Structure formats: structure tokens, C-alpha cells
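Residue-level listing of the chains:
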Protein chains: 2
Amino acid sequence: MRRKLDVLCWFLAPIVMVGFVATGCAPQGDVQPPLEVVVDPLQSWNDGEAKQAIFDFVVRVTDAASPDFVAEPERIAVFDNDGTLWSEQPMYFQVVFTVDRVKALASEHPEWATQQPFQAVLEDDTQALVAAGEHGLLELGMATHAGMTTEEFETVVKDWLATATHPTTGRPYTEMVYQPMLELLDYLRANGFKTFIVSGGGIEFMRPWTEAVYGIPPEQVVGSSIKTVFEVRDGVPVLVRLPELNFIDDKEGKPVGINSHIGRRPIAAFGNSDGDFQMLEWTTAGDGARFGVYVHHTDAEREWAYDRESHIGRLDRGLDEADARGWIVVNMREDWRTIFPWADSE
Amino acid sequence: MRRKLDVLCWFLAPIVMVGFVATGCAPQGDVQPPLEVVVDPLQSWNDGEAKQAIFDFVVRVTDAASPDFVAEPERIAVFDNDGTLWSEQPMYFQVVFTVDRVKALASEHPEWATQQPFQAVLEDDTQALVAAGEHGLLELGMATHAGMTTEEFETVVKDWLATATHPTTGRPYTEMVYQPMLELLDYLRANGFKTFIVSGGGIEFMRPWTEAVYGIPPEQVVGSSIKTVFEVRDGVPVLVRLPELNFIDDKEGKPVGINSHIGRRPIAAFGNSDGDFQMLEWTTAGDGARFGVYVHHTDAEREWAYDRESHIGRLDRGLDEADARGWIVVNMREDWRTIFPWADSE
């Protein structure tokens, strides 16, 4: 217990700053705080191996006396989005957005009635939609998101998020985020980390809201994209979205996207599916202290339970290899006291 | 003069913080500082319209009472590199690097002896090299920079910078940076700006040194690139550079690169050539206070003088339209007291 309190003092020190006396965490000496006075930065995490591993890693890389100390600019942490920071069931939320866009634009495209994957959308054929795979979804995205300026698209995304609600919880999609991960983002940033999203989702679908919801600004969002082109229309410069794929930020694409946008290897990576495998692999293969984490969806009551057999967020190879690679597997049912920010008040 | 001192107090306030008494800048009341006590954040800039315009803009967007106040996350400033932050004469420095690489690798490529643009390099035919244009240079870059991992390339760049020297000054290339621009970068950052490089140069040529030289971390560097691919070699994940163009971050490409990497429109843009025109156009077309600046190379004695007729860093349309667009043109000979950090000690 004594060691644990010391550790608590270490990780709290950077964030309580002027609060040593209040918390009882003296920088030296024997005074120990009563445990109930210590503010836990990960309150929605149950005590356990996963939570302890997070604390241990942060202490290792932020303690100037640690052999694994990492200078602040190198404290890069990357997070998958779908299934890692917010839910992805019963369907990736961007797919729901895309479906809504297809339906809204269908009257202008009679040919979609007999053309896949559009037909699947218009007939609410979820299985056919899932079968179309990521490329099919991107094709839908290109057809429905292109031909407008970047600013027009941002407005479309914001308008949708302001009104659309999740089919089972009835909550706005931006409330389908994981409270434990919000606390983790804050905790890492309070300890000098720079937090990035690295998602297979569309970069311009995420950027309009990630700063408000996660505290992650647009320049720290990496994602899949279509091409844009610069034009001057009636004297006004605009960026026009083209129906042409630019980059798929998934699987082997994630380390490429990280290199392109961040330009240095992260020291911590958080994902939930085999689509994140290479991101964790790339991150944890670097020198010094590294941290790879999988969020494992195990809670059918409070969220969803799925892994090896799922079409969405399949986690198979990751489960097989996590232990041998030293990656942490978070068991949502056991490790998370709360899942959604609003769940306690339900 | 009284107004000028007030302005000085305003722009100094955010950066002196605890130093009100020392500088004499009282947040209220009539005490005025003796001018010589005030620390000028732009010491290498001569008093004049350009310097005043910088101060005025920063006050406009950082004073919470200003109608043009800009929240800190939106204070994005973008800088071209070649000719704006460091010199680009008698040849873009990356071209010198590329030439050195071609010569170093020539024995492995006998076919280069009769193949342009390689032949031009091996025969020191500068005119033919310039005539090959940006695409020719990128071709050289792809041929000499590809086929290795990103980490191997970073080592090659660092090794070259550690030994190569500028042909006329004899200085390392990383000392061919403009002292007034270093001060400007610091001044903007001290006022809550996030500073980015947006350059036609290779993104992976710049990232190994921009943090140490400019205080700009790799994730805030945007540039031209070749494609990379993720591979696992003998169990070790690597990113391999392919001889295939990914993106040219020049002219119409600059707003595209800004949108891709930053995801929001900057409020200030600094360039020196027509290759920066669209970046300034995109930046200054936004709502609210905007700031577009051209550095005009007018000092043949201390640096170089060139504009409309130059093959390198041509500034023609920009000079024609700057006034009408409200962009500032910095006259290096008149506006900069010092050009290079080491020049005062020469």
C-alpha cells in the first residue's frame, strides 16, 4: 500500500501542481495522504491491471529520474476512434451518416435504385452493406460527400450531428463516447502527452467535432480521405472535394498515416480491432518504454460484446498476440466502472 | 509616441507576464516605460510599416476586447521555408542535398551518365538542372531518396547537414536561417500562435531539423512527399520509401496540404514567391483579421536580390497583387537590421 501511495503521488504531482498540501502528497518526507483525499484522474476505471499499467507507464516516461524518461515533445499518444473512443455498434456511425446522405440525395440519383452499394442502402439491406466492406463504404462516401467544398461538407456533418440520434440509446452520437477514455485523454495531456486520433474514418467527418468532444484539435486528427483541389470561384478561393480516393488510414495504412501527419513514432497506441494491429505494432517496436492497448468489447449489457467473429471491429489476431507482444487488453466489463458519460445518471 | 508605447505594452504584456514592473508596462494607469527598458521581441526588425503591421495584427487577434479577437486554437500561422525561413540561393538547399546524393550513388547507376536530369547533376550543369524544373527535381529526389526506410533516410539527412556547407558563406545550411523570422516565430508562439511550415520542399527532408532550428515539431511540418509502405522485415516493422510521388505541396497544392494536415484555415501566412500565392490567398480570404506577408529579397549585399525574373523563388504575380490584396511586402534591405544569426559577429 505504501508503494501504491507513492506511485499515486508521482502521477498526481504533475497535475495537482500547487496542491501538494491539500492532497498530502509531499515531494519528500514521510507524510502520506489519506487515500480518500487523493483525486483519481481515472475515476471511471476500476482498480486492476489495466489501470495500474497506465499509471506505471506514465510514471516511467514522465519521471525525470526514470531510465525510460521521454522528453515532452516525444510523448505522442495515438487513438483509434471507432470502438476505441466512441461506440461503433450496431454500425460505424459514419456509415449511418453516409446512409442518411444517400437517402437525402437519392431523388437526384435514380440510377442508385439498381446499383450497389447504393441499392443496399436504399433498401435498408444491412448485410449487403456490411458485405460491401470498407471500400464499398468509401465508395458511398465519395459519391455522397464529394462535389462540394470542404466548408460545405463541414456544415453537412455538423447539421447531421445536431439532429441524428443513436438507434438503441436515443443519444446524440457525440454522447456515445467512453468516459474512461475521456479521462485517459485528459490524464495523458496533463502529463505532457500530445494526443492524436488515427482512424479509418474520414478525416473531414471527424474534425468538425473532435476538439469539442475529445479536446483533440483538427491538426491532430489523422484519417481516411478523398482528394481535394484548390479553385477560385468568382474570386473566392475554395477547396473542392473530388470523388477520388486519396488515402485509407486502416491496417498497414495507419503507420503510414502516422508518419505522414505526425512524422515521429508514437510511444503509446490505443485501438480495439485488428485494423489497429499495425499501429500498435509500429508504436511498440520503437526503443524505450512503449505502450500498446486494446479495448476489448466484453460488456453486452452496458455496451456490446464482440471480437473474433464480428464484421465490425473484428479483434482476432490482436487477441492472439497481445500477451506475447506485451500489449494490455482492457476488459470493458471488468475494467470500466462507467462506460458512457451519461450512464451514471440513467 | 504615447500611442506607440501603449501598443508596445499591449504586445509585450502576454510575453513579459510577471515583468510589468521591470518593463514599466502597467496594465492600467499613466506610468510609461522608458523606451530603452522595453525588450523588443523583434529586435532584428527595423522600425517601419512591416514591423508595425506585425505588432498591430497580433494585438488585434490577441486582445480579448478586440472585435477581431481570435481564440488561441485558431491562431494558426503558416510559413513557407525556402526563401522565407532560410535562404534558397544559389540553389534550393534540398537540391544541393539531392545533387550530393546523386554523386554519392552514381557508381551504382552507370545509366545516369546519359540520362537527364541525372546527367546534368553529374556534369554540374546547373542550367539544365534548373530547366528540369520542380518535377525534374522531384524525380531526382525519388531516385536517390527511395528504396530505404524512413529512419535510414532521416539518418542520411542528418549526416549531410552535419557536414555540408553553403558554397558562398561556408556556413552549415541550418545557419542560413533568417534571424528576423526566428524572432517572429518566437513572438507569435509567445502570443498563443501555433506555427507550421508549409513548404514545397520534402516533408522528410525538413522534419529531422525543424524542431531544433525553428522550434517547429515534425507534426507541424507540411511538405511534398513520396509514398511510403508499411512492411515487416525479419519481424521488425518498417516504413519503406517508394520511388513514387505522393503529393506536391506547392502553388495550388499548398491550400490542399494545409487542409490535409492542419484541417483549418490559418489566420496568417508568410511566403516569398509565387509558389506561396495560393497559400496567402486561401489564408487571407477567411473571415475576420487575416495577415498575408511576402518576404521580398532585395538585399544583394547581405543576402541576394531577386524577384520577377528568377528561376528560384520567382515573385512576380505576388508583387503585382500584394497591395490590392492588403498583403505586407517585407523589404529585406530596409526592414531587416540583421539577416543571419551570425552576421552581427562577422
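This section reports on the structure supplied with the text. (Residues numbered from 1 in each chain as written. Chains lettered and ligands numbered in written order. Predicted model: local features only at pLDDT ≥ 70, side-chain atom pairs only at ≥ 80, totals over all residues. Heavy atoms only, no water.)

Quick word on the overall build of chain A
Move 1: Each helix and strand counted, chain A has 14 helices and seven strands in total.
Move 2: In chain A, the proportion of contacts linking residues at least 24 apart, taken out of those at least 6 apart, comes to 66%.
Move 3: Within the structure as shown, chain A displays about 14,700 Å² of accessible surface, and the carbon and sulfur contribution to it stands at 51%. (Helix = DSSP H or I, 4+ residues; strand = E, 2+ residues; numbered from the N terminus. Contact = heavy atoms within 4.5 Å. Areas by Shrake-Rupley, 256 points an atom, 1.4 Å probe, with all protein chains shown as cover.)

Section: the relation of the copies chain B and chain A
Move 1: With an RMSD of 0.0 Å, the operation that places chain B on chain A is a rotation of 180° combined with a shift of 0.0 Å along the axis. The superposition of one copy onto the other is thereby described by a two-fold rotation axis. Residue H261 of chain B of chain B places its C-alpha closer to the rotation axis than any other residue of that unit, at 3.1 Å.
Move 2: Of the interface residues in chain B, 100% have counterparts in chain A that sit at the interface too, so the contact is made through matching surfaces. (Least-squares fit on C-alpha atoms with pLDDT ≥ 70 in both.)

A closer look at the packing of aromatic side chains
Move 1: With the rule as written, the count across this model stands at 42 aromatic pairs over all chains.
Move 2: Plain terms: the ring middles of F57 of chain A and F291 of chain A are 4.7 Å apart, the flat faces sit at 10° to each other, and that makes the pair stacked. In this pair, F57 of chain A sits in helix α3 (residues 49–62) while F291 of chain A sits in strand β6 (residues 291–296), placing the two residues 234 residues apart along the sequence. In terms of burial, F57 of chain A and F291 of chain A fall into one category: buried.
Move 3: Judged by centre distance (4.8 Å) and plane angle (65°), the ring pair of W86 of chain B and F93 of chain B falls under edge-to-face.
Move 4: For W86 of chain B, a relative accessible area of 0% corresponds to the buried category.
Move 5: Taking the relative accessible area as the measure of exposure, F93 of chain B reaches 0% and is therefore buried.
Move 6: By way of ring pairs, the aromatic residues W86, F93, F97, F153, W160, Y173, F205, W209 and Y214 of chain A are connected into one cluster. (Phe/Tyr/Trp six-rings, centres within 6.5 Å; stacked < 30°, edge-to-face > 60°. Buried < 20%, exposed > 50% of the residue type's maximum accessible area, 1.4 Å probe, protein only.)

A look at the side chain of T283 of chain B
All names here are of chain B.
Move 1: Residue position: T283 is located in helix α12 (residues 277–284).
Move 2: A relative accessible area of 0% places T283 in the buried class.
Move 3: The residues contacting T283, other than those within four sequence positions of it, are V78, R265, P266, I267, A268, A269, R290 and F291.

Section: the interface of chain B and chain A
Move 1: The interface of chain B with chain A comprises 35 residues on the first partner and 35 residues on the second.
Move 2: Taking both partners together, chain B and chain A bury about 2,800 Å²; carbon and sulfur atoms supply 51% of that area.
Move 3: Here R265 of chain B makes a salt bridge to E151 of chain A, at a shortest N to O gap of 2.9 Å.
Move 4: At the surface where chain B touches chain A, the tally comes to 18 residue pairs in polar contact (both at pLDDT 80 or more).
Move 5: At the level of secondary structure, the elements contributing two or more residues to the side of chain B that touches chain A comprise α8 (150–163), β2 (194–202), α10 (203–214), β3 (221–233), β4 (236–247), α11 (253–261) and α12 of chain B. (Buried area = accessible area lost by both parts, 1.4 Å probe. Salt bridge = Lys/Arg side-chain N within 4 Å of Asp/Glu carboxyl O. Polar contact = N/O pair within 3.5 Å; in protein donor to acceptor, adjacent residues only side chain to side chain.)

Here's the deal with the packing of α11 of chain B against α12 of chain B
The angle between the axes and the distance between the axes are what describe a pair of packed helices.
Residues and elements named next belong to chain B.
Move 1: The contact between α11 and α12 brings their axes to 7 Å, and the two run at 55°. Taken as axis vectors, α11 and α12 run oblique relative to one another. Touching K254, P255 and I258 of α11 are Q278, M279 and W282, all from α12.
Move 2: Of the residues in the contact of α11 with α12, the class split is four nonpolar, one polar and one charged. (Axes fitted to C-alpha atoms, helices over the stretch in contact; angles between N-to-C directions. Parallel < 35°, antiparallel > 145°, perpendicular 65-115°, else oblique. Nonpolar A, V, L, I, M, F, W, Y, C, P; charged D, E, K, R; others polar.)

Examining the sheet that holds strand β1 (residues 76–79) of chain A
All names here are of chain A.
Move 1: Across the sheet, seven strands lie side by side as β4-β3-β2-β1-β5-β6-β7; this open sheet has mixed pairing. With partners counted over all chains shown, the strands left at the sheet margins are β4 (236–247) and β7 (328–331), one partner each. Within this sheet the neighbouring strands show an average axis-to-axis angle of 35°, counted without direction.
Move 2: Relative to β4, strand β3 (residues 221–233) runs antiparallel, the two being bridged by eight bridges. The residue of β4 that forms the bridge with R233 is V236. (Pairing = 2+ DSSP bridges.)

Here's the deal with the pattern of salt bridges
Residues and elements named next belong to chain A.
Move 1: According to the stated counting rule, one finds 48 salt bridges over all chains in the structure shown.
Move 2: The salt bridge involving R60 is made with D68; its shortest N-O contact spans 2.6 Å.
Move 3: The closest approach of N and O atoms between R189 and D186, which form a salt bridge, is 3.0 Å. Of this pair, R189 and D186 are both found in helix α9 (residues 179–190), three residues apart, which corresponds to roughly one turn of the helix.

Digging into helix α8 (residues 150–163) of chain A
Residues and elements named next belong to chain A.
Move 1: The first and last C-alpha atoms of α8 sit 21 Å apart over 14 residues, in line with the 20 Å expected at 1.5 Å per residue.
Move 2: Regarding α8, the residues found buried are T150, F153, V156, V157, W160 and L161. Seen from one end, α8 has its buried residues packed into an arc of 125°, which puts them on one side. Projecting away from the buried face of α8 at angles above 90 degrees are the exposed residues A162 and T163. (Expected span 1.5 Å × (residues − 1). Arc of directions from axis to C-beta.)

With respect to the side chain of K51 of chain A
Move 1: Relative to the helices and strands, K51 of chain A is located in helix α3.
Move 2: Side chain to side chain, K51 of chain A and D47 of chain A meet in a polar contact 3.5 Å long.

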